[in-house]
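# Fold and contact review
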Amino acid sequence: MANVETVRGPIDTQDLGWTLMHEHIFVKNPELEENYPNPEWDEDRMAETARAGFQALADLGISTLVDLTVMGLGRSIGRIQRVAEKAPINIAVATRYYTQRDLPAFFHNHGPGLYGDVPEPLVGMFVNDIKEGIAGTGVKAAMIKVVTDKWGITPDIERVLAAAAEAHQETGVPITTHTHAGEHGGLDQQEYFRKRGVDLQHVLIGHCGDTTDIDYLRQLMDNGSPIGMDRFGMDIMADPQDLIDTVFRLIELGYADRLTLSHDAGFYSANMEPSLRRKLMPNWHHRYISEGVLPELRQRGVAEEAIEQIMVRNPARILAGRQTS
C-alpha cells in the first residue's frame, strides 16, 4: 500500500478510512484582515471550534479531511498544526497558488525570460511543498490544487497548470481541481493535462455538483478522471435535492468507482464569515454528508458497498497518486 502525507506525518492509504476530499479549515485574507479585522475572527475561539468540529466528524465515522486551503487563501500550516495536534482525524493539505485569473506581481517579474530570469518559481514551490515540507514545518502536501473558472485558461492560469503538471510528473502527487461546471471547464482541464502526459486517473475534477448535466459528468469520468461532487450544503450553487438526485443517478449508471463527496466548507472564511454563512446556507458544514446525504442515499436503496466505494476506496486510490521510483 502507498503512503499519504498528513499534518502529523505519512500514513498508509488503508488507514485513511472515510474521507472528505475537498474541504477547508480556515480561509483567511491576511492583508485585508490586518487592516480591517473581522470581529468574528478570534484565534483561540476558532481553534476550539475546529477541534470540536473534528471530534464531531470522528463521532460520525469520518477519519480523514483533505484541507485544500493553499497560498492565496491564507494558508497557515502552523495554525493547522496547532488545531490538529490531538485531532481524532487525519488532516491532509495541498500545494498551489490560488487564483482564478491573474497571478500576483511577483510572478510577473520572476520566471523564465522575465526581469528575474529564473526557472519557473511555481514548480519549485510546489515540489518543495511536496518533498521537503511547507514553510519549514515539515508538513508535506498530499495534493496539488489547480483552478480554472469562468475566465478559462488565462496566461497566468496556464503557468499554474503547467507547474502543476510538472510537479505531478516529478512527484506522483495527485492533482485536484476547482472548475466552472457551467462552462464545462473540466474538459479543458483534462485536455490540458492529457497533452502534458498526465494520466487523468490522477486528476480529480472538482465542483462537479454545480451542474446536473449528467452527460458532461459522464464524459469527464469516461475520459478517465474521478469527479468531486464536493459542494454539498452550499445551496446557493445547486439545489440540494438536485445534487442528491444526480449522485444517485450516477451510481445507478455504474459510476460509483469514480465519485467523491465533500462540502468545500470551512469553520471560518474571511470571504463569508460564519454569521453570513449560517444565514445563507445553514447546511454548509462538514457534517452534512454524514447526517443528511448518506442516509438519504441509503434510504433510496444505494448499497453500503457503493457508499464505501465512494467514501473510502476512491479517496484512498486517488490520494495514493502515481507511484514514482
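Data block above holds the structure.
In this report, the structure presented in the accompanying data block is examined. (Residues numbered from 1 in each chain as written. Predicted model: local features only at pLDDT ≥ 70, side-chain atom pairs only at ≥ 80, totals over all residues. Heavy atoms only, no water.)

## Overview of helix α9 (residues 240–252)
Note on helix geometry: an α-helix contains 3.6 residues per turn, so any two residues three or four positions apart are oriented the same way. The end-to-end C-alpha distance of α9 is 18 Å, a good match for the 18 Å that 13 residues give at a rise of 1.5 Å each. Listing the buried residues of α9 in full gives Leu243, Ile244, Thr246, Val247, Phe248, Leu250 and Ile251. Where α9 is buried, its residues meet α8 (214–222), β12 (227–229), β13 (259–261), α11 (288–299) and α12 (304–320). The N-terminus of α9 is capped by Asp239, whose side-chain oxygen sits 2.9 Å from the backbone nitrogen of Gln241. At the C-terminal side of α9, Gly254 shows a positive phi close to 95°. (Helix = DSSP H or I, 4+ residues; strand = E, 2+ residues; numbered from the N terminus. Expected span 1.5 Å × (residues − 1). Buried < 20%, exposed > 50% of the residue type's maximum accessible area, 1.4 Å probe, protein only. Contact = heavy atoms within 4.5 Å. Polar contact = N/O pair within 3.5 Å; in protein donor to acceptor, adjacent residues only side chain to side chain.)

## Points about the pattern of salt bridges
Going through the model one piece at a time under the given rule, you end up with 20 salt bridges. One salt bridge in this structure joins Glu191 and Lys195, with 3.6 Å as the shortest N-O distance. Of this pair, Glu191 and Lys195 both sit in helix α7 (residues 185–195), separated by four residues, roughly a single helical turn. The residue Asp257 makes a salt bridge to Arg258 at a minimum N-O spacing of 3.0 Å. Assessed through its relative accessible area of 33%, Asp257 is described here as partly exposed. Linked through salt bridges whose partners overlap, the residues forming this network are Glu43, Arg79 and Arg82. (Salt bridge = Lys/Arg side-chain N within 4 Å of Asp/Glu carboxyl O.)

## Considering the nonpolar core
Of all hydrophobic cores here, the largest spans 83 residues; its most connected members are Phe26, Phe193, Ile227, Met229, Phe232 and Met311. A per-element tally of this core places helix α6 (residues 155–171) first, with seven residues. What Phe26 contacts, discounting residues up to four positions off in sequence, is Trp41, Met46, Ala47, Ala50, Thr69, Leu73, Arg79, Ile80, Val83, Phe267 and Tyr268. Val4, Leu16, Tyr98 and Met143 belong to the second largest nonpolar core, which has 19 residues in total. (Core = buried A, V, L, I, M, F, W, Y, C linked by side-chain atoms within 4.5 Å.)

These results come straight from atomic positions and should not be treated as a statement about function.
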